[in-house]
Amino acid sequence: MIEKRDLPQRSLTALNYAIITLVALLCLYPCIHVLAASFSDPVRLIRHRGALLWPTGYSLRGYQTVFNNPNILIGYGNTLFYVLVGTAINIVLTSLGAYALARRGWPLRKLFVFLFVFTMYFNVGIIPTFMLVKGLGMLNTRWAIVLPVAINTWNLIVMRTSFAGVPDELQESAYLDGASDLRILCQIYVPVCKATMAVMLLFYAVEHWNSWFTSMIYLTDTGLYPLQMFVRDILLFDGAAGTTEDANAIYLKELTKYAVIVVSIVPILVVYPFVQKFFVKGVMLGSVKG
Amino acid sequence: MAEPARTLRAPHRQARPLLRRMQRYKYIYLMLIPVVLYYVIFHYAGMYYAVIAFQDYKPMRGIAGSRFVGLDNFVEFLGGVYAWRVIRNTLLINLYQIAFAFTASIVFALMIHQMADNRYKNVIQTVTYMPHFISIVVVCGLLAEFCESDGLINDVLAMLGLERTSLLANPRYFRTVFVASDIWQNVGWGTIIYLATLTGVDPSLHEAAAIDGAGRLQRIWHVNLPALMPVIVVQLIMRVGRMMLVGFDKVILLYSPATYETADVISSYVYRRGLSEMDYSYGAAVGLFNSVVNLVILVSANAFSRRVTGNSLW
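Residues numbered from 1 in each chain as written. Chains lettered and ligands numbered in written order. Predicted model: local features only at pLDDT ≥ 70, side-chain atom pairs only at ≥ 80, totals over all residues. Heavy atoms only, no water.

## What about a nonpolar patch on the surface?
Okay, step 1: Side chains of Y27(B), L30(B), I33(B) and L37(B) sit close together on the surface and give an oily, nonpolar patch of about 380 Å² of accessible area.
Okay, step 2: If you trace the backbone, L37(B) turns up in helix α2 (residues 26-49). (Patch = residues over 30% accessible without salt bridge, like charges linked within 9 Å, V, L, I, M, F, W, Y side chains within 5 Å. Areas by Shrake-Rupley, 256 points an atom, 1.4 Å probe, with all protein chains shown as cover. Salt bridge = Lys/Arg side-chain N within 4 Å of Asp/Glu carboxyl O. Helix = DSSP H or I, 4+ residues; strand = E, 2+ residues; numbered from the N terminus.)

## A closer look at the domain arrangement of chain B
All names here are of chain B.
Okay, step 1: Assigned domains of chain B: these are domain 1 (18-70) and domain 2 (81-308).
Okay, step 2: Spacing between the C-alpha centres of domain 1 and domain 2 amounts to 34 Å.
Okay, step 3: Taken residue by residue, the interface counts eight residues in domain 1 and five residues in domain 2.
Okay, step 4: In this assembly, domain 1 packs against domain 2 so that about 460 Å² is buried in total across both faces, 77% of it on carbon and sulfur atoms.
Okay, step 5: The largest contributions to the domain 1 side of the interface with domain 2 come from I52, A53 and Y57, which together make up 66% of the buried area.
Okay, step 6: Taken together, the links from domain 1 to domain 2 amount to three residue pairs in polar contact (both at pLDDT 80 or more).
Okay, step 7: When the residues that make up the side of domain 1 that touches domain 2 are grouped by side-chain class, the tally is six nonpolar, one polar and one charged. (Domains from an automatic or database assignment. Contact = heavy atoms within 4.5 Å. Buried area = accessible area lost by both parts, 1.4 Å probe. Polar contact = N/O pair within 3.5 Å; in protein donor to acceptor, adjacent residues only side chain to side chain. Nonpolar A, V, L, I, M, F, W, Y, C, P; charged D, E, K, R; others polar.)

## A look at helix α15 (residues 280-308) of chain B
Okay, step 1: In a regular helix each residue adds 1.5 Å, so 29 residues correspond to 42 Å; α15(B) covers 42 Å between its end C-alpha atoms and thus fits that length.
Okay, step 2: At the exit of α15(B) stands G310(B), carrying a positive phi of roughly 80 degrees. (Expected span 1.5 Å × (residues − 1).)

## As for the side chain of Q171(A)
Residues and elements named next belong to chain A.
Okay, step 1: Residue position: Q171 is located in helix α9 (residues 168-176).
Okay, step 2: Given a relative accessible area of 5%, Q171 falls into the buried group.
Okay, step 3: Apart from residues lying up to four places away in sequence, Q171 is in contact with Y99, R103, R104, I184 and Y189. (Buried < 20%, exposed > 50% of the residue type's maximum accessible area, 1.4 Å probe, protein only.)

## Examining the side chain of Q97(B)
Residues and elements named next belong to chain B.
Okay, step 1: Within the secondary structure layout, Q97 lies in helix α5 (residues 82-113).
Okay, step 2: A distance of 2.8 Å separates the side chain of Q97 from the side chain of R239, its partner in a polar contact.
Okay, step 3: Residue contacts for Q97: discarding those within four places in its chain leaves F102, F178, V179, D182 and R239.

## Some thoughts on the layout of surface pockets
Okay, step 1: Of the voids in this model, the largest pocket is the one considered here, and its volume is about 980 Å³.
Okay, step 2: L26(A), P30(A), I153(B), A180(B) and W184(B) are the residues nearest the centre of the largest pocket, which is lined by 33 residues in total.
Okay, step 3: Mapped onto the lining of the largest pocket, the elements with two or more residues apiece are α1 (2-38) of chain A together with α5, α7 (136-147), α8 (152-159) and α9 (174-199) of chain B.
Okay, step 4: With seven residues, the single largest contributor to the lining of the largest pocket is α9(B).
Okay, step 5: When grouped by side-chain class, the residues that make up the lining of the largest pocket number 29 nonpolar, three polar and one charged. (1 Å grid on protein atoms, 1.4 Å probe; cavity = no way out; pocket = protein on both sides within 12 Å on 5 of 7 lines; lining within 4 Å. Points joined across faces, edges and corners; volume = space filled by probe spheres on them.)

## Brief notes about the domain arrangement of chain A
Okay, step 1: Entries for chain A in the domain assignment read domain 1 (2-47) and domain 2 (69-237).
Okay, step 2: Placing the centre of domain 1 of chain A and that of domain 2 of chain A at their C-alpha centroids yields a distance of 37 Å.

## Remarks on empty space enclosed by the protein
Okay, step 1: Summed over all chains, the structure comprises two cavities of 30 Å³ or more.
Okay, step 2: If you trace the second largest cavity, you find it lined by P30(A), C31(A), V34(A), I261(A), I265(A), I134(B), V138(B), L142(B) and W184(B).
Okay, step 3: Elements that contribute at least two residues to the lining of the second largest cavity include exactly α1 and α14 (247-276) of chain A together with α7 of chain B.
Okay, step 4: A per-element tally of the lining of the second largest cavity places α1(A) first, with three residues.
Okay, step 5: Taken together, the residues of the lining of the second largest cavity sort by class into nine nonpolar, no polar and no charged.

## A short note on the pattern of salt bridges
All names here are of chain B.
Okay, step 1: On inspection of all chains with the given rule, the structure shows 13 salt bridges over all chains.
Okay, step 2: With a closest N to O distance of 3.7 Å, E261 and R85 form a salt bridge. Within this pair, whereas E261 is found in helix α13 (residues 260-263), its partner R85 is found in helix α5, the two being separated by 176 residues in sequence.
Okay, step 3: Salt-bridge contacts for R85 lead to D264; the nearest nitrogen and oxygen are separated by 3.5 Å. Note that R85 is positioned in helix α5 and D264 in the loop between α13 and α14 (266-276), a separation of 179 residues in sequence.
Okay, step 4: Owing to a relative accessible area of 0%, D264 belongs among the buried residues under this scheme.
Okay, step 5: In this structure, a network of salt bridges that share partners links the residues R85, R88, E261, D264 and R272.

Take a look at the structure:
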């Protein structure tokens, strides 16, 4: 009897593990492929067919080309600026807003929640936004990249939900001790909700790191371009293998693509594992309706 | 001393509740100033510029000097040859995403939840969440590489005996590539919310079901899935609420004139006509039409769900 029931159950478990592992490998594979290709020999890489788990041949010429490209360094510098300044603005504004919206007893809370959340569901569209940025005189400035996305309403709601979970007593005793709201926010809410803060930091930072189309729309000066714009040029607009170039240059171009991908995603992959364990908290809080 | 104080008090008393309440929350108002400024400037002021949708806007004349044309831009769009194409493509991509990507995360979450080995489970979660953080530019760059006729995906297709074809140059495969890559990027990420809900399921329900002789699949069907239902409904309303939206960033990186027939969506059309060809009024009108229709769909989906399932966003 037990035997009879056991066999199908066990094969079900095995099947489950097999499918899950396959999905995980599919998620992982492109990264391995890119990493392996980026260290490969350019000529052998072009001739290579099928999967790639280990570099075919070995050369660092892809990375040499990438780091000798002045645009990559400019892009890295600009992206670093957008990530640092942008994320700082994001976190300060989002915390201030979340604190106000989480404040119990404040009579206008519901009104402001509505005004903010409404913008999440009704977007005027890119043309009016573009004209607005133009009207503000921000076209072709760094402000156009960080200010229009100063608050992500979704993140604001997530942080508000997290702040609303802070016990009342903590806040009240701080009031009795004469602490101001700003101080309560900085010294009680932020430390108590540090898991949420970590997730918000990561979400905002990644958003800035990966952002490119605001730059495409608002910037004309390539000196202000973030890294993703140059990555896009290398990956997707490679001049369709110009006829004047010799074969070696074309081979090298392929290799460079892989190297630039690695260079552009490594910083995220380095930070990611440290913040990953907090994700559940960050995503769950956003799902609480309010 | 006491007398003037008493006379002063009378008019004061009237104003006191409101003032005192303002006073009590004065730091809240101060803290909210930059936040409100942000929303007023970047969201509500943007709505003012939406009036150009009803104008024949000329940058030289500005909004005040441009001619008012009523609904002409909307009529031009809806009566034009491209309206149906871009609306259809937008809706189809969303339908495929709901049918495949949305359900894939639910199924995958149910599967991961069945794993007994917690360390392996953590590894799987770490690995499958990761693609979510890779930039669209890189994802599209990789797709362009892998979809070439001598690329990796075609190598696999050739192994299966299928014909090699440049997948991104062929309008037949655009939506498949678009949605499949979306699943690749977000299937793991989408499981988080369901997995967190599943860990909250009362174990005694499973025990009771097991005693009643329910097998693994039956318990998933009769215990886990019902436990997920409220979350699924709320997620589905939000997903349906984006039924008319497809982000143009991924589309404009992947499409080409050869694939416009299946690839061009409302947002990419707005981008092309409005910004690239600088037909601001027309682009604004199409964008506004899109936003309004989308809002109507969201509100209807929410009302429908509240009536039928009792779950709603607000």
